[in-house]
Amino acid sequence: MVVFPQLAELGQSHMAQLYGIEDLSEATAYLGHCILRARLVEVSALMLSHQSQEAATILGATDAKKLRSSMTLFATVPGAPDIFAEVLATFFAATPCDVTLQALT
């Protein structure tokens, strides 16, 4: 099971809210954890290895939206790896998730 963390307030399910990221500070801490950061970078690279397909084809429509939200969140973290912006560029024409950006303000 692949998980792309997003803001808790954007999740619909109990699990999404329970395990969601609270804010930019928590996203920064997530990327500061060596194992969590490495896993998120790895799964992002795996997505990029399928760049000839659409995100919705790979993950399904709902999880593709979560991917966009997650990559928007983590690309916003100061000093974040470029791979998150690369996923946005590859699968979403470099267009971040507006709902995520609004929630961060």
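Parameters at a glance
Residues numbered from 1 in each chain as written. Predicted model: local features only at pLDDT ≥ 70, side-chain atom pairs only at ≥ 80, totals over all residues. Heavy atoms only, no water. Helix = DSSP H or I, 4+ residues; strand = E, 2+ residues; numbered from the N terminus. Expected span 1.5 Å × (residues − 1). Buried < 20%, exposed > 50% of the residue type's maximum accessible area, 1.4 Å probe, protein only. Arc of directions from axis to C-beta. Contact = heavy atoms within 4.5 Å. Axes fitted to C-alpha atoms, helices over the stretch in contact; angles between N-to-C directions. Parallel < 35°, antiparallel > 145°, perpendicular 65-115°, else oblique. Nonpolar A, V, L, I, M, F, W, Y, C, P; charged D, E, K, R; others polar.

Trainee: Can you break down helix α3 (residues 34–48) residue by residue, with the values?
Mentor: Across its 15 residues, α3 extends 21 Å between first and last C-alpha, which sits within 8% of the 21 Å expected from 1.5 Å per residue. Along α3, the positions that sit buried rather than exposed are Leu40, Val43, Ser44, Met47 and Leu48. Along the axis of α3, the buried positions cluster into a sector of 150°, meaning they face one direction only. Exposed and facing more than 90 degrees away from the buried side of α3 are Cys34, Arg39 and Glu42. In this fold, the buried residues of α3 make contact with α2 (24–32), α4 (55–59), α5 (61–76) and α6 (83–92).

Trainee: Please set out the packing of α2 against α3 residue by residue, giving values where relevant.
Mentor: Here α2 crosses α3 at 90°, and the two axes come no closer than 5 Å. As far as their axial angle goes, α3 and α2 are roughly perpendicular. Judged by residue contacts, Tyr30, Leu31 and Gly32 of α2 engage Cys34, Leu36, Arg37 and Leu40 from α3. Counted by class, the contact of α2 with α3 contains five nonpolar, one polar and one charged residues.

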